[in-house]
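Reading the structure
Chain by chain, the residues:
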Amino acid sequence: MYEFVTGPLLWISFLIFFSGTLYRIRRLYSLTEKREVTVTPPGAAAPPAAAVSAEERKLNLVVSFQNSLLGKHPVMAIVSTIFHICLFAAPLLSQAHNLLIYESWGISFISIPDKLCDVLTIIFLACAVFFLVRRLTVPKVIAVSSPYDFLVLFITAAPFLSGFCAYHQWLDYKTVLTAHVITGEIMLVAIPFTKLGHMVFFFFVRILIGGEYSFGSGRRAWKT
Amino acid sequence: MNDSQQKKAEAEKTRAVLNHNQAKIKLCLEACASCSICAESCFLFNNNNHDPRFMPSYKVINSLGVLYKKKGRVGTEQLKRMQDLVWRNCVLCTRCYCPLGIDIPDLIALARSLLRTRGVCGVYPHTLGAPEEEYIMEWDPQELSDPDEDPDTQR
Ligand code: HEM
Ligand code: SF4
Ligand code: SF4
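Residues numbered from 1 in each chain as written. Chains lettered and ligands numbered in written order. Predicted model: local features only at pLDDT ≥ 70, side-chain atom pairs only at ≥ 80, totals over all residues. Heavy atoms only, no water.

Here's the deal with the interface of chain B and chain A
- Contact with chain B, which involves 32 residues of that partner, is made by 28 residues of chain A.
- Taken together, both faces of the contact between chain B and chain A bury some 2700 Å²; the carbon and sulfur share is 61%.
- Our count for the chain B to chain A interface comes out at three salt bridges.
- Glu212 of chain A is paired through a salt bridge with Arg95 of chain B; the nearest N and O atoms lie 2.8 Å apart.
- Our count for the chain B to chain A interface comes out at 15 residue pairs in polar contact (both at pLDDT 80 or more).
- At the level of elements, helix H1 (3-31) and helix H3 (56-69) of chain B are the ones that each hand at least two residues to the side of chain B that touches chain A.
- The leading source of residues in the side of chain B that touches chain A is H1 of chain B, at eight residues.
- Across the side of chain B that touches chain A, the residue classes break down as 21 nonpolar, seven polar and four charged. (Contact = heavy atoms within 4.5 Å. Buried area = accessible area lost by both parts, 1.4 Å probe. Salt bridge = Lys/Arg side-chain N within 4 Å of Asp/Glu carboxyl O. Polar contact = N/O pair within 3.5 Å; in protein donor to acceptor, adjacent residues only side chain to side chain. Helix = DSSP H or I, 4+ residues; strand = E, 2+ residues; numbered from the N terminus. Nonpolar A, V, L, I, M, F, W, Y, C, P; charged D, E, K, R; others polar.)

Below, the structure is given as structure tokens:
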């Protein structure tokens, strides 16, 4: 069992994850097109920037901070950022994972001490519990929650929960380890095909698609 | 045109608009993490006692989302609720903010287009000075009717 889940099944999961992610990116490309409309008409010079006093600049900064995610929803912004950082850092930097990667291909990323990885996992699980409690108690969140949202949160948290149990040798080690690998594979496969696909959506939309809130060039627009 | 022909023609129009936008609707609905961060960016949500029926993602999920899932087969009662959601509860001011970049007003506009194919249009009785009883929403946000049990569901 363990040989199978860490062998062929792992390869299949990676394959599905990468090809699914590529498919999602392609799909987003095909649903959008290069934006034709620009604020400044072609050939015209951009309007001169109005002179802004130091006070105005300060006020602008204050107002944009107040209107930002951090200003409006500080708890959510911080918990969510920590959640997502741990989500990537713990598995990619874990010593145990890097050892496996090194044994397979002779390469490895930077790794962090096991103790630190354990702390990241606990912080991650605490954030997941925060999301769960929020989903169960806050009326506006309840109003848009479906069983699917709980499932997605569970799929995300399961590999961390099982990894935590494996590290602390709780329950039967071999079984827990197998469960850890399988839940990790389920998460990988789920990313391109579920709500977790927001990873690709986020970067594509907020960087490439033009709009008030885009970070990047915003050179594309949805096809109509 | 008799009644059933009319209904058939309407259903075809609805499906045409749905099919044309299918891929985008699916992607956007699926990207939504149901995090509710968009709620406070809507002035109507803030000014209506934080009633979830004014929350941007709620409006999308329960109008466009349902029309998409049911392939347009929803009954009169549900259409009425969707009408409340996308006209009464949203003025398409485009001020809503979603961290994932979901264009909520675009999706609400699409829901309006779909409702128009069913002959449901925007009415603003409250702006025309109608008494409150005429435009108050008489349904509970947690109890959306099951379209399969709605006798008027269009097949
Ligand atoms: C690096 C790219 C990613 C970005 C920018 C991103 C961004 C976001 C944002 C903005 C939210 C909504 C706010 C919130 O609830 O915190 C969210 C929610 C969520 N994300 Fe991500 N995400 C990314 C990758 C992932 C991945 C790879 C997973 C899982 C494998 C994931 C799992 C989740 C979960 C479970 C939620 C819902 C939390 C809840 O129940 O409220 N995210 N993400
Ligand atoms: S902020 Fe965006 S992702 Fe969150 S509930 Fe609203 S529409 Fe969905
Ligand atoms: S477009 Fe509609 S949902 Fe968005 S902020 Fe304006 S009224 Fe609210």
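Focus: the confidence of the model for chain B
- Taken over all residues, the pLDDT of chain B has a mean of 85, while the share at 70 or more is 80%.
- If you check the scores for this complex, the pTM reads 0.88 and the ipTM reads 0.85. (pLDDT = per-residue confidence, 0-100.)

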